[in-house]
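# Working through the structure, step by step
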Amino acid sequence: MALCATRLLSLCRTPGAGAGAGAGAGAGAGAGARALLSSHPSSRRLLSYANTKKRQTPRRALMYVPGNDERKQGKIPSLGADCICLDCEDGVALGKKEAARNRIRQILDERPIDFGRSECSVRVNPFETGLGEEDVRVIFGGPNMPDAVHLPKVDSPKDLTDFAAAYKEAIKDNSAAKSCVVGLIIFIESARSLLRLPDICSTAVGLGEHSNLRAETLVFGSDDFTADIGATRTADASELLYARQKIVSVAKAFQMQAIDLVHIDFKDLEGLKRQSEEGARMGFTGKQVIHPGQVPVVQAAFSPSKEKVEWAKQLIKEFRDHERSGKGAFNFRGSMIDMPLVKQAQNIVDMMDSL
């Protein structure tokens, strides 16, 4: 059985909306984005896609592990991160790229590592480097597939179609691979990619019409983006506010997850907590992490509290009671409740059901 078979069965079995403590804020962002983009050339596909509910794999913490580093890979069973990314790109030196892709293929074939509840995903190199095509050929050339693939530095729809062509070629004779749903995780890391984001998302969604690739997540590559626009990184990341808000809005318009920037100072757990909670309030559904000590802080920040879950469940129950009686807005614990708040409550319940 392919490595992604368990994930495929889960996707087929469980309907629902996206994950993340920030999903409530994202619901409003998604509605606004659908209105803003209604005149966009890709709007027909966008609006059709946004009207279909889908379950998403939780990715509160996205943890990078170099594909060539067996010592760090040995720690994967104890990390507890929702998403483990076996990396061929930034985390691997140029002279180790071949070793990384071959080691990842070995992990998929021989399964020497217990990923437990963590998602097994892979980041390939950008095609513009001349390394991405070989990564795809090797990593997707066997029967066992990763749960998801990370595609970095996507500046245009062509980057996606180039990847899809190489992917299709790699699995063309592999019936087991074709039976899996492989999540597509797209990195936004430049001003150009931010400007073309609706086109990029529309193209990514379209790939699912002709392949087993499923567009699921946008990741904000903040360091490359900062360098691209000539900005200076600050502690409060104020220089990145516009980019972060746009990524969340467009992601939610396409019912995709949005994963926030890295907190580079891995020893600053208090700052990590503040930034994670801010990202969750903005609508992000997860955050990139670079050290095991960051994982529990991030996953707690992107998980609703027990009190919030109880609030959401009770609100939905009372809404249904009022709905049956033909009433509209109603008072719940001192606040007037209407449909937008009900949707936010449902996002919280859906998120907890997916964990």
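Shown above is the structure to which this text applies.
The notes below deal with the structure included here. (Residues numbered from 1 in each chain as written. Predicted model: local features only at pLDDT ≥ 70, side-chain atom pairs only at ≥ 80, totals over all residues. Heavy atoms only, no water.)

With that settled, consider the side chain of Q294. Structurally, the position occupied by Q294 is in the loop between β8 (286–289) and α15 (295–301). Overall, the relative accessible area of 1% leaves Q294 in the buried class. Separated by 3.0 Å, the side chain of Q294 and the backbone oxygen of H263 make a polar contact. For Q294, the residues in contact, after removing those within four places along its chain, are H263, D265, F266, L272 and V289. (Helix = DSSP H or I, 4+ residues; strand = E, 2+ residues; numbered from the N terminus. Buried < 20%, exposed > 50% of the residue type's maximum accessible area, 1.4 Å probe, protein only. Polar contact = N/O pair within 3.5 Å; in protein donor to acceptor, adjacent residues only side chain to side chain. Contact = heavy atoms within 4.5 Å.)

The interhelical angle for the contact between helix α6 (residues 97–110) and helix α7 (residues 132–139), taken along N-to-C directions, is 20 degrees, at an axis separation of 9 Å. Relative to α7, the element α6 is oriented roughly parallel. The handedness of the crossing between α6 and α7 is right-handed. In this structure, α6 contributes R101, N102, I104, R105 and L108 to the contact, and α7 contributes E134, D135, V138 and I139. Across the contact of α6 with α7, the residue classes tally to 4 nonpolar, 1 polar and 4 charged. (Axes fitted to C-alpha atoms, helices over the stretch in contact; angles between N-to-C directions. Parallel < 35°, antiparallel > 145°, perpendicular 65-115°, else oblique. Left-handed = near helix turned anticlockwise from the far one by under 90°. Nonpolar A, V, L, I, M, F, W, Y, C, P; charged D, E, K, R; others polar.)

Taken as a whole, this structure holds 4 aromatic pairs when the rule is applied. With centroids separated by 5.2 Å and ring planes inclined at 75 degrees, the aromatic side chains of F140 and Y167 adopt a geometry described as edge-to-face. Of this pair, F140 sits in the loop between α7 and β4 (148–151) while Y167 is found in helix α8 (residues 157–170), placing the two residues 27 residues apart along the sequence. Under the relative-accessibility criterion, F140 is labelled buried at 0%. A residue is classified by how much of its surface remains accessible, and Y167, at 1% relative accessible area, is buried. Between F220 and F225, the ring centres sit 5.4 Å apart and the planes meet at 65 degrees, which makes this aromatic pair edge-to-face. (Phe/Tyr/Trp six-rings, centres within 6.5 Å; stacked < 30°, edge-to-face > 60°.)

A word on helix α12 (residues 222–229). Because each turn of an α-helix spans 3.6 residues, side chains separated by three or four positions in sequence point in the same direction. Those residues of α12 not exposed but buried are S222, F225 and T226. Considered in projection along α12, the buried side chains sweep an arc of 100 degrees and stay on one side of the axis. Contact partners of the buried residues in α12: α10 (191–195), β6 (213–220) and α13 (241–253). Looking one or two places after α12, you find G230, whose phi comes out positive at around 75 degrees. (Arc of directions from axis to C-beta.)

Attention now goes to the packing of α13 against helix α14 (residues 269–282). Direction vectors running N to C along α13 and α14 enclose 45 degrees, while the axes themselves pass 10 Å from each other. The angle between α13 and α14 places the two elements in the oblique class. On α14, the residues touching L241, R244, Q245 and V248 of α13 are Q275, E278, G279 and M282. A per-class count over the contact of α13 with α14 returns 3 nonpolar, 3 polar and 2 charged.

The sheet built from 8 strands closes into a barrel, its strands ordered β1-β2-β3-β4-β5-β6-β7-β8 with parallel pairing. For this sheet, the mean inter-axis angle between neighbouring strands, taken without regard to orientation, is 30 degrees. (Pairing = 2+ DSSP bridges.)

A separate point is unusual backbone geometry. Positioned with a positive phi, K153 is a non-glycine residue whose angle comes to about 50 degrees. Structurally, the position occupied by K153 is in the loop between β4 and α8. Accessibility expressed as a relative area gives 19% for K153, which makes it buried.

We now examine the pattern of salt bridges. Throughout the structure, instances matching the rule amount to 23 salt bridges. Of the charged contacts in the structure, one is a salt bridge between D109 and R105, with a shortest N-O distance of 2.8 Å. Pair noted here: D109 and R105 are both in helix α6, with a separation of 4 residues, about one helical turn. Take D109: its relative accessible area is 38%, and that puts it in the partly exposed class. Residue class for R105 comes out buried when judged on its relative accessible area of 8%. Among the salt bridges present, the one from E277 reaches K273, with a minimum N-O distance of 2.9 Å. (Salt bridge = Lys/Arg side-chain N within 4 Å of Asp/Glu carboxyl O.)

A separate point is the state of the cysteines. The final tally for this structure, using the stated rule, is 0 disulfides. In this structure C85 is not part of a disulfide, and its nearest cysteine sulfur, from C83, lies 6.5 Å away. With no disulfide of its own, C120 has C83 as its nearest cysteine by sulfur position, at a separation of 8.9 Å. (Disulfide = S-S within 2.5 Å.)

So, to be careful, I would describe these as geometric facts and stop short of saying anything about function.
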